[in-house]
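# Coordinate inspection notes
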Amino acid sequence: MRKRYIVFAFLLSLVIVSCKTSDGLDLESISNKLTIGYQTGETINTVKSNITLPKTIDGYDVSVTWESNHVSITNEGVVTQQESDTLVTLSATIKSKNDTFIKPFIITVLAKKGTTIMVNYNYTLHNKLKEVVAEQLSLVESKLKTPDGYVAEDTRLANFVRANLWTYSAYFTTVVQNYMMNPTNENKALLDKATEELEWYKATHREDEHLVYASKNGYEEPAFFDDNVWLVIGFINAYNHTKEAHFLDKALKVQEWIYTGWQEEGGLYWREFPESYEDSQKVRNTCINGPAAWAAMLLYEATNDFTHLDWAIKIYTWTKYNLYDKENKVYWDNISKDGIVNKWTFTYNTGTMMSAASLLYKHTLSDIYKEDVQNLMDGSHEVFYIANQFQSLPNGEFYKDNPWFRVYLVQGFYDAMRYVDVNYGIRLERVKNAILYGLENHIDERGFLWEDWSGRIINEGPSNKDHIRTLFAVGNTEILAILAQYEAYLKEVTS
Amino acid sequence: MSKRLFSLIIITALAFILVSCKKTPNPDNGTNPDDPNVPLVINNAFYDAALLHTYLIQNDFYASPGRIKAYDPADPTPGSEFSGTSALWGYGAYLTMYAQAAKINPNLKHFKDNVYDAIDGLKVFRMPRQQLHYSAIVGAGGEPYYDDNAWVVLGLYDIAKVYDDQEALSHSRELLDYVLSGESEDGGIYWKETVSSRNTCSSGPAVVAAVLHYLENPAEETQLLEAAIRIYNWTKRVLKDPQDHVYWDNATYNPDTNTESIEKAKFTYNSGTMIWAGALLYEATKDESYLEDANSTALGSLGYFYTTGRDNKKFFPRSPWFNLYLLRGFISLAQTYEDRSRDYLVNSFRDNLKYALSKGVDNRGYLLPSWGSGVLSPTDKYVALLDTAASTEVLFLLADWEVNYLKEGK
């Protein structure tokens, strides 16, 4: 599979060189109109039944022929499911009078029904996490809003201050995860409302054409690349589950701006630093590079555009060689332009790199990424799991940092489970037991779950129960929504 | 044209240029973004923290105009000093905080409304006497202090300059008459009407206020400059420590021995107002000796007050409201030097407050009075309006320095 990518990248580069045709047809852009027909409910990543491979493209004088590289899909589109999920590359050769263009499609044929995956850890399905999420989200909706009904920064300032972009992006991704977990009309309406409210954050004063979001009605400077990358991930997830093109369009536009943060010597900037900043202030953080690599993989999955795969590999590799703590197997925080490494370790940084590595493994099947995931699973358990301070919950694991940081560690566990080894799910099972313990024992008078589910460990943020930060309330909610999806996934693979 | 007026014009012009090219009006108000009356969006960490503090203070301390709580939470123990309504001292700090807020973002409704609400609230402190002045506590039961009134004079003056408000200016000018009426036979201003001590804390701000009003109308107010110089000279002669040029607190004259008995405690604000006074007297008279005074006191103060603490960082003492006036002195002196050679004085505050914002915030979001030095006290749980308003004003002053004086907020 690795070789296949390399071969196609090579082929593609040859084709790109010759893509200007002599009969005036730009076959490369025409190829974008070529779509494969899937059965209802199936996508390029979830094929179970036969697919339709068109022989022509409407409106153009071209012919299309197809070639598969694996028996699970024939050149005519007949699908035969195998024992495990299979990646198949279908090459469409588009011919005009004088020219030829080859466009590859990478398709996942799902494993045969009845193929059960062995899960070697004990688990107990809660089955009602959807209701818990709905309850926590309704608290956010009723208690963390300004008088005008917008998302507020926290309960203390609800009468004055609209959320900053960091907080709002956390709210947005939570609303998306809520819809992914439970795609009802009601949850779709919430997503649509959140998408509309996000418009207030759009930067309208920029001289360039980029789509950028920022606090203060879009005017905060320098704009944060990382606050925007969480939105990109939310947009792609929303697109994958609603199929509404505007989500993909926004994801692509914001991601394009994020790529402009790339430095000649490697790494994406944290913020859109102007030249006048000193080198020590110009930092390249794991919190932008990890999620940007991951978002690039998600965009590659959604569009099949190899540019994003290239970006993902480039960003991931730079981050690994500059910010990875080999000894402890977790990620450091940032490196400045003058090369000073800040060695703080937060859960979300390791988590986003785990998601990126898991997706890279899914699409390249390279052992390098598989090993990376294994190392990060080990390291995060060693460094972030608060082992000795809480012994009375034998199958529960409490992790450090605030709830929003933990979201991305939990998401990393979930991606590692789905794309690398289903038995990594044991971490999710234990996180689930920990958060259920919190819901049982540490709810404040409003009904919000505490930042610290164990009730014993002082968190980094203000743990004042009078003062709920929206960022942390939606963080807890998003974790629950991921865990609900984990349970659904577990049920599916073991049935 | 005096140099000070000239520089004011330059700064104002600069501010307008910045408005049009660097900072951006906030179109959230639904108005034309080119309209100069629209509030600005300011991208500055000190400003953001200060704005947050004003919201917290409104939320936690505000009762009604003139009725601002002194502590939050208030200590429920009967007779506790950590409870009750704010005295004029804390109320003045609240007023001057909004004056600085308005200076950096005049059209923000939140600031403008609270500025005028705070001026309106002064009426509950009004002493029922012909001469305008304010009592130390709410109602007529207290007694007036010259220094408490002097801070209000300065706050009203700043507000008048921001909004070009003649009413606030004459209010300030009228109240200044009361402060100057506390002048003793040979120059120093008494602390209040019923004591015989003459204090740096009443004399210093009296000089500053007198020179500021003199500069408003130099042709007709020469008596203000004369009074300022008399008070300045007395304070310098009696209350300046000749060793390090840092100011002592107060002096009480003993007529039997013909000597002054000096209280030698040193607080940041006493040196701060005298540095400020020196810088202003230099602008008014061009006499370089005032500048020399200001410089030696500034250097002495930095050595005396700005000391090394945790993380090998330097910190000002645990007294935000006192420190506020040292910063005002530093800013005034630094802005006298076009070659930027005294910017380092202000940078000491920028460093301390930057550290404070990362390490010295309590669980409610308030800056601790220790400003990150780690010198904590059990009373920190009672957030004091005086200190909190002062810390906030310091943040606004630093934001203004970075955004408007350094041009590029960086």
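Residues numbered from 1 in each chain as written. Chains lettered and ligands numbered in written order. Predicted model: local features only at pLDDT ≥ 70, side-chain atom pairs only at ≥ 80, totals over all residues. Heavy atoms only, no water.

### Remarks on the confidence of the model for chain B
Low pLDDT marks stretches whose predicted atomic positions should not be read closely. Residue and element names in this part refer to chain B. Test applied: Summary of the metric used: pLDDT quantifies the predictor's per-residue confidence within the range 0 to 100. Contact between two residues is taken to exist if any of their heavy atoms lie within 4.5 Å; hydrogens are not considered.
Looking at chain B, the pLDDT average stands at 90 and 90% of residues meet or exceed 70. Every residue in residues 5-33 scores below 50 in pLDDT, and together they form 39 contacts with partners more than four places removed in sequence or on other chains. Listed scores for the predicted complex are pTM 0.78 and ipTM 0.73.

### As for the pairing of strand 8 (residues 259-263) of chain B
Residue and element names in this part refer to chain B. What counts here: Here a strand pair is declared whenever DSSP counts at least two bridges between the two strands. Where helices and strands are cited, they refer to DSSP runs of H or I of at least four residues and of E of at least two residues respectively, numbered from the N terminus.
Sheet topology places strand 7 (residues 250-254) next to strand 8; 5 bridges connect them, and they run antiparallel. Its bridge partner lying in strand 8, Asn-250 is registered against Glu-263. Taking the residues that link successive antiparallel strands as the turn, the strand 7-strand 8 hairpin has 4 residues, and the phi of Asn-258 there is positive, at about 55°.

### A word on the sheet that holds strand 8 of chain B
Strands pair in a sheet through their backbones, by hydrogen bonds, and they do so in one of two ways: parallel or antiparallel. Residues and elements named next belong to chain B. As a reminder of what qualifies: Angles here are taken between N-to-C directions and fall from 0 to 180 degrees, while the axes themselves are lines fitted to C-alpha atoms, restricted in helices to the stretch in contact.
With antiparallel pairing, the 3 strands of this open sheet are ordered in space as 6-7-8. Of all strands in the sheet, those with a lone pairing partner are strand 6 (197-199) and strand 8, marking the two edges. Between one strand and the next, the sheet's axes are offset by a mean angle of 30°, whatever the strand orientation.

### Considering the sheet that holds strand 8 (residues 341-342) of chain A
All names here are of chain A. Pairing within the open sheet is antiparallel, and its 3 strands lie in the order 4-7-8. Since the sheet does not close on itself, it has two edges, and those belong to strand 4 (283-285) and strand 8, each with one partner. The strands touched by helix 9 (residues 306-323) within the sheet are strand 4, strand 7 (334-336) and strand 8, with strand 7 carrying the most contacts at an inclination of about 85°.

### Quick notes on the packing of aromatic side chains
The relative placement of two aromatic rings is captured by the distance of their centres and the angle of their planes. To be explicit about the condition: Between rings of Phe, Tyr and Trp, where Trp is taken as its six-membered ring, a pair exists when centres lie within 6.5 Å; planes separated by under 30 degrees are stacked, by over 60 edge-to-face, and by other angles tilted. Summary of the burial criterion: residues with accessible area below 20% of their type's maximum are buried, those above 50% are exposed, and those between are partly exposed, where the area comes from a 1.4 Å probe applied to protein chains only. Criterion for a charge above a ring: Arg CZ or Lys NZ at most 6 Å from the ring centre, at most 35 degrees from the ring normal.
All chains considered together, the criterion is met by 63 aromatic pairs over all chains. Both rings, one in A:Trp262 and one in A:Trp311, keep their centres 5.8 Å apart while their planes meet at 80°; by these two values the pair is edge-to-face. Taken together, the residues A:Trp262 in the loop between helix 7 (245-259) and strand 4 and A:Trp311 in helix 9 connect sequence positions 49 residues apart. A relative accessible area of 21% means that A:Trp262 is categorised as partly exposed. Look at A:Trp311 and you get buried, because its relative accessible area is 16%. The interplanar angle of 35° and the centroid separation of 5.9 Å between the aromatic rings of B:Tyr91 and B:Tyr94 together place this pair among those described as tilted. You can see B:Tyr91 and its partner B:Tyr94 sitting in helix 3 (residues 88-104), 3 residues apart, about one turn around the helix. The exposure classification of B:Tyr91 matches that of B:Tyr94, with both residues buried. An aromatic cluster is defined as three or more aromatic residues linked by ring pairs; in this entry it consists of A:Trp166, A:Trp230, A:Trp294, A:Trp344, A:Phe346, A:Tyr348, A:Trp404, A:Phe405 and A:Tyr408. The cationic tip of A:Lys243 hangs over the ring face of A:Tyr239; the distance from NZ or CZ to the ring centre is 4.8 Å. Cation over ring: A:Arg271 sits above A:Trp270, and NZ or CZ is 6.0 Å from the ring centre.

### Description of the packing of helix 8 (residues 286-303) of chain A against helix 9 of chain A
All names here are of chain A. The line we're drawing: Any angle from 65 to 115 degrees is called roughly perpendicular, while one under 35 is roughly parallel, one over 145 is roughly antiparallel, and all others are oblique. Crossing handedness is defined as follows: a turn of the near helix away from the far one that is anticlockwise and smaller than a right angle gives a left-handed crossing, while the clockwise case is right-handed. The residue classification treats Ala, Val, Leu, Ile, Met, Phe, Trp, Tyr, Cys and Pro as nonpolar and Asp, Glu, Lys and Arg as charged. All others, Gly included, are polar.
The contact between helix 8 and helix 9 brings their axes to 8 Å, and the two run at 155°. By the angle between their axes, helix 8 is roughly antiparallel relative to helix 9. In this structure, helix 8 crosses over helix 9, and the sense of that crossing is left-handed. Across the interface between the two elements, Thr-286, Asn-289, Ala-292, Ala-293, Ala-296, Met-297, Leu-299, Tyr-300 and Thr-303 from helix 8 touch Phe-306, His-308, Leu-309, Trp-311, Ala-312, Ile-315, Tyr-316, Trp-318, Thr-319 and Leu-323 from helix 9. Class assignment for the residues of the contact of helix 8 with helix 9 results in 14 nonpolar, 5 polar and no charged.

### Quick notes on the confidence of the model for chain A
Across chain A, pLDDT averages 90, with 92% of residues at or above 70. Per-residue pLDDT stays below 50 along residues 459-463 of chain A; that stretch engages in 15 contacts with residues further than four places along the chain or on separate chains.

### What about the environment of A:Leu449?
Residue and element names in this part refer to chain A. Along the polypeptide, Leu-449 turns up in the loop between helix 13 (425-441) and helix 14 (470-494). In sequence terms Leu-449 and Val-254 are 195 residues apart; their C-alpha atoms lie 33 Å from each other. For Leu-449, the residues in contact, after removing those within four places along its chain, are Gln-136, Ile-435, Gly-438, Leu-439, His-442, Ile-443 and Asn-476.

### Focus: unusual backbone geometry
Cis peptide bonds are those with omega within 30 degrees of zero, and the linkage from A:Glu221 to A:Pro222 qualifies with -10°. Within the secondary structure, A:Pro222 is located in the loop between helix 5 (185-198) and helix 6 (225-242). Going from B:Asp72 to B:Pro73, the amide bond is cis rather than trans, its omega being -5°. A positive phi angle, close to 60°, is found at B:Asn312, a residue other than glycine. Residue position: B:Asn312 is located in the loop between strand 9 (307-308) and strand 10 (314-315). Of note, the phi angle at B:Trp371 is positive, near 50°, even though the residue is not glycine. With respect to the secondary-structure elements, B:Trp371 resides in the loop between helix 12 (343-359) and strand 11 (383-384). Judged by relative accessible area, B:Trp371 falls into the buried class, the value being 0%.

### Some details on helix 2 (residues 45-61) of chain B
All names here are of chain B. The cut-off we apply is this: Here, expected helix span is obtained from the residue count minus one, scaled by 1.5 Å. Any pair of nitrogen or oxygen atoms within 3.5 Å is treated as a polar contact; in protein, a donor-acceptor pairing is required on top of that, and neighbouring residues in sequence qualify only through side-chain atoms on both sides.
With 17 residues, helix 2 ought to run about 24 Å at 1.5 Å a step, and its terminal C-alpha atoms sit 24 Å apart, in line with that. Most of helix 2 is tucked away, with 13 of its 17 residues classed as buried. Near the N-terminus of helix 2, the side chain that reaches the backbone nitrogen of Phe-46, with its oxygen 2.9 Å away, is that of Asn-44.

### Re helix 9 of chain A
Taking 1.5 Å as the rise per residue, helix 9 of chain A with 18 residues should run 26 Å; its terminal C-alpha atoms sit 25 Å apart, in good agreement. What helix 9 of chain A keeps buried is the set A:Phe306, A:His308, A:Leu309, A:Trp311, A:Ala312, A:Ile315, A:Tyr316, A:Trp318, A:Thr319, A:Lys320 and A:Leu323.

### Structural notes on the pattern of salt bridges
Threshold: Just to be clear on terms, a salt bridge is a Lys or Arg side-chain nitrogen sitting within 4 Å of an Asp or Glu carboxyl oxygen.
For the structure shown, the criterion picks out 43 salt bridges over all chains. Residue A:Lys362 pairs with A:Glu301 through a salt bridge whose shortest N-O separation is 2.8 Å. Pair noted here: A:Lys362 is in helix 10 (residues 347-364) and A:Glu301 is in helix 8, with a separation of 61 residues, a long-range link. Looking at A:Lys362, the relative accessible area reads 17%, which means it is buried. The class of A:Glu301 is buried, set by a relative accessible area of 11%. One salt bridge in this structure joins B:Asp158 and B:Arg328, with 2.8 Å as the shortest N-O distance. With a gap of 170 residues between them, B:Asp158 in helix 5 (residues 146-163) and B:Arg328 in helix 11 (residues 320-334) connect regions that are remote in the sequence. This pair shows no difference in class: B:Asp158 is buried, exactly as B:Arg328 is. One network of salt bridges, with partners in common, ties together A:Arg156, B:Asp60, B:Lys69, B:Asp72 and B:Arg364.

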